[in-house]
Amino acid sequence: MKQEFTPLTQEQAKARRGRNIALAFVLGGLVILFFVVTIVRLGGHVADRPF
Amino acid sequence: MADVMLTKAHTAEAPASVGDFVALLKPRVMSLVIFTALVGMVLAPQPIHPVLAVAALLCIAVGAGASAALNMWYDADIDAVMARTKGRPIPQGRIAAEDALGFGLILSAASIASLGVLVNWMAAGLLAFTIFFYAVIYTMALKRRTAQNIVIGGAAGALPPVIGWASVTGSIELAPLSLFAIIFLWTPPHFWALALAKSDDYARAGIPMLPVTDGVRATQDQIVRYSLLLVPATFLPVPLHIAGLPYLLLAALLGVAFLVLSLRLAAIPEKSPALPREGMKFFAFSILYLFALFAALLIERIVGVPAL
């Protein structure tokens, strides 16, 4: 089935750019949060363990 | 939403901004959830690493926001009719209802899973229960059916301090349940005061709030009855050793004020033009009342006031 598309208006494109940037910040924040919590949970001297 | 082109049927009149998605989370309710969860966390008998505390609060806040988005998805039809809510993003046509549903479901899953992985699964389980209770039990099952909607639904709003406590200890105990009891018993008089002021709005939307179903007189009586239950409950944190003397004095003072104001509200004649204004005043005071009690518990712990 062929779908009909309409190009985005300038306003819609601007709103979408805003949403995308917000999403990027949220995802980046999550990466940092999970990293920091991992370090906290592992405790100090993480790098000193024998392999 | 993120396709290169939008299909015709999906093209909103006014495109959804980031602010519209933030509005779906009910940020003002969220701030109260963060505050009460923080109090539960601080009162717990052991310390929590500040990073874990921030992570837990974030997850609890997003979970609360997710349940708000699900509520706005389900209630878009009645939100459009009520003056208080018709400016929300879905009735305004800025966000499609199904987008709000997806947004709410994804945030629910993400907040529960994150709280479980980062903090503990007891807290995550409680958060899941809270979201389910608010979105399904309150919004879908109770809100349009019974005047007891906010009495039972209040349990969802009362759980955040318990989740905060469980984030630290991994368990549920009587002390945080006393905070649950306070918010639970506070909710009915708080919302019924608002309903007295906005009963026309609720009637138009067909929501069976107490002033609509049972009348103004019955609502005034119920506000007094719940106030009589609430005020004694505010003393429960004292024997459970999470409150000190300043809290006890404040709870007594504010408790008397709460009872006096509820009686004064109940004394206003049914047809009085002053009723909406007085209802809003009691509604505003009730917010201050709850905030002051929880702030007292928080400050006592920060300053180091010994619990009785």
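What you are looking at is a predicted structure, and each value in this text was computed from that prediction instead of being measured. Along each chain, residues carry numbers from 1 onward, in the same order as the chain's sequence is written. Here chains are named by letter from A upward and ligands by number from 1 upward, in the order in which they appear as written. A pLDDT threshold of at least 70 governs which residues receive local features in this predicted model, and a stricter bar of 80 or more applies before side-chain atom pairs are shown or counted, although totals over entire chains, interfaces and linings include all residues. Note: side-chain values were computed over all heavy atoms of the structure, leaving out hydrogens and water.

> Whenever I open this one, the overall build of chain B confuses me. Can you help?
Under the scheme used here, helices are H or I runs from DSSP no shorter than 4 residues and strands are E runs no shorter than 2 residues, and both carry numbers assigned from the N terminus. A count of helices and strands for chain B gives 14 helices and one strand. Here the C-alpha radius of gyration of chain B, 20 Å, is about what a compact globule of 308 residues would show, namely 19 Å. Buried, partly exposed and exposed residues are distinguished by accessible area as a fraction of the type maximum, computed with a 1.4 Å probe on protein chains only: under 20%, between the cut-offs, and over 50%, respectively. Looking at chain B as a whole, 52% of its 308 residues qualify as buried. For chain B, the accessible surface area stands at approximately 13100 Å², while carbon and sulfur atoms represent 71% of it. Distance between charge centres in chain B, computed from 19 positive and 16 negative side chains, equals 6 Å. A radius of gyration in this sense is built from C-alpha atoms; the matching globule rule multiplies 2.2 Å by the number of residues raised to 0.38. In these tables, accessible area is a Shrake-Rupley quantity obtained with a 1.4 Å probe, and a residue counts as shielded only by the protein chains included in the view. As used throughout, the charge tally considers Lys and Arg to be positive and Asp and Glu to be negative, leaving His and the chain termini uncounted. To locate a charge, take NZ of a lysine, CZ of an arginine, CG of an aspartate or CD of a glutamate.

> How do you make sense of the packing of aromatic side chains when you look at a structure like this?
The way to describe two aromatic rings as a pair is by their centre distance and the angle between their planes. Residues and elements named next belong to chain B. Two rings from Phe, Tyr or Trp (for Trp, the six-membered ring) form a pair when their centres sit within 6.5 Å of each other. Planes less than 30 degrees apart are called stacked, planes more than 60 degrees apart edge-to-face, and all others tilted. Applying the stated criterion across every chain yields a total of 11 aromatic pairs over all chains. Ring geometry for Phe129 and Phe133: centres 5.6 Å apart, planes at 45°, overall tilted. Placement of the pair is Phe129 and Phe133 together in helix α6 (residues 121–142), with a separation of four residues, close to one helical turn. Overall, the relative accessible area of 43% leaves Phe129 in the partly exposed class. Under the relative-accessibility criterion, Phe133 is labelled buried at 12%. Their ring planes at 75° and their centres at 5.4 Å tell us that Trp192 and Tyr226 sit as a pair that is edge-to-face. Taken together, the positions of Trp192 in helix α9 (residues 174–197) and Tyr226 in helix α12 (residues 215–233) put the pair 34 residues apart, joining distant regions of the chain. You can call Tyr226 buried: its relative accessible area is 15%.

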